[in-house]
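Survey of secondary and tertiary structure
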Amino acid sequence: MITLTNVTKTYEKGVAALKDISMDIDQGEFAFIVGDSGSGKSTLIKLLLKEFPPTAGKIEVAGKDLSRIRHKDIPEYRRKIGCVFQDFRLLKDRNVYENVAFAMRVTGASKREIKKRVPQMLSRVGLASKYRSLPNHLSGGEQQRVAIARALVNHPKILLADEPTGNLDGHNAWEIMKLLDEINKDGTTVLVVTHNMEIVRAMNKRVITIYKGTLMSDEEEAL
Ligand code: ADP
Ligand code: MG
């Protein structure tokens, strides 16, 4: 589902953020990406979202070679990948319902589909009763749930999460990780960047460790 072959990313000014990384994540997998701050984790997520091309190497996502996606087709490509971030990135002047509905509207979904699916997604993340709230009236954990509902509303095959629990306390971090695990069990391929080693150890999933831009280890879950 996600294949990197000898991927290198060097930023302007010569910062080598990723060096010769190869990995293969299958459809339906759940994998953590861990590593110290500055090791290149967010760069990897940005490459998968085609925010910029790799300096060298090849990236394939859902059977597509990213170098072959034309500039004008990038927004459509991104909409097929769900993505959540540490800082939630919600529209602050719109309520919960509108934040999720917006993601469907930009795809041209009908009003009827939106009215049906947004409440389903909000129930899925446990926020059905808060649909009229503004983001800043919600806790961090609730805001991240809205972001997850928005990321999933168009049924992406892949969900990418860059430090999704970075701004949350221990309890909320666990709740969000459990939700990501359930979403994976429903069939979505999930890739989670995190610093929370306590959760990583407890969840017993594949763990890919990046160290200063190189792949240090890639360990399958212990059964
Ligand atoms: P992580 O997410 O693991 O903390 P990043 O991928 O954000 O790491 O960064 C990896 C390295 O690339 C760091 O040394 C960082 O300073 C550098 N870097 C990240 N973004 C840029 C950029 N836009 N321009 C130059 N250097 C960058
Ligand atoms: Mg980062």
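The coordinates are above.
This structure is a prediction, so every number in the text was calculated from the model and none was measured.

What follows covers the side chain of glutamate 142. Within the secondary structure, glutamate 142 sits in helix H5 (residues 140–152). At a separation of 3.2 Å, a polar atom in the side chain of glutamate 142 contacts the side chain of lysine 130. Ignoring anything within four residues of it in the chain, the contact list for glutamate 142 reads Leu127 and Lys130.

Attention now moves to helix H6 (residues 170–185). Over its 16 residues, H6 runs 23 Å from end to end, which matches the ideal 22 Å to within 8%, given 1.5 Å per residue. For H6, the full list of buried residues reads Asn172, Ala173, Ile176, Met177, Leu179, Leu180, Asp181, Ile183 and Asn184. The secondary structure elements touched by the buried residues of H6 are strand S3 (30–34), helix H4 (111–124), H5, strand S7 (158–162), strand S8 (189–193) and helix H7 (197–203). Following H6 by one or two positions, glycine 187 has its phi on the positive side, about 120 degrees.

What follows concerns the site of ligand 1. Taken together, Tyr11, Val15, Ala17, Asp36, Ser37, Gly38, Ser39, Gly40, Lys41, Ser42 and Thr43 make up the full set of residues adjacent to ligand 1. Within the contact set of ligand 1, an oxygen atom lies 3.0 Å away from a backbone nitrogen or oxygen of glycine 40. One of the side-chain nitrogen or oxygen atoms of lysine 41 is found 2.7 Å away from an oxygen atom of ligand 1. Its free accessible area being 560 Å², ligand 1 has 63% of it covered by the protein chains. For the shell around ligand 1, the element with the highest residue contribution is helix H1 (residues 41–48), accounting for 3 residues. Partitioned by chemical class, the residues of the shell around ligand 1 number 3 nonpolar, 6 polar and 2 charged.

Conventions and cut-offs
Residue numbers run consecutively from 1 along every chain, following the written order of its sequence. Chain A is the first chain written and ligand 1 is the first ligand written, with later ones labelled in order. Given that this is a predicted model, residues contribute local features only at a pLDDT of at least 70 and side-chain atom pairs are listed and counted only at 80 or more, while totals for whole chains, interfaces and linings are drawn from all residues. Remark: hydrogens and water are excluded; side-chain values derive from all non-hydrogen atoms of the structure. Helix and strand labels come from DSSP, where a helix needs a run of H or I of at least four residues and a strand needs a run of E of at least two; each type is numbered from the N terminus. N or O atoms within 3.5 Å of each other form a polar contact, as long as, within protein, one can give a hydrogen and the other can take it, and as long as residues adjacent in sequence are counted only when both atoms are side-chain atoms. In this description, contact between two residues means that some pair of their heavy atoms is separated by no more than 4.5 Å. Each residue after the first adds 1.5 Å to the expected span of a helix. Each residue is assigned to one of three classes by its accessible area relative to the maximum for its type, calculated with a 1.4 Å probe on protein chains only: buried under 20%, partly exposed between the two thresholds, exposed over 50%. For each residue, the test is whether any non-hydrogen atom lies within 4 Å of the molecule or strand; if one does, the residue is near. To measure how exposed things are, a 1.4 Å probe is used in the Shrake-Rupley method; for residues, cover is taken only from the protein chains shown. Three categories are distinguished: nonpolar for Ala, Val, Leu, Ile, Met, Phe, Trp, Tyr, Cys and Pro, charged for Asp, Glu, Lys and Arg, and polar for the others, with Gly belonging to the last.

Function-wise, these values are silent; they only describe arrangement.
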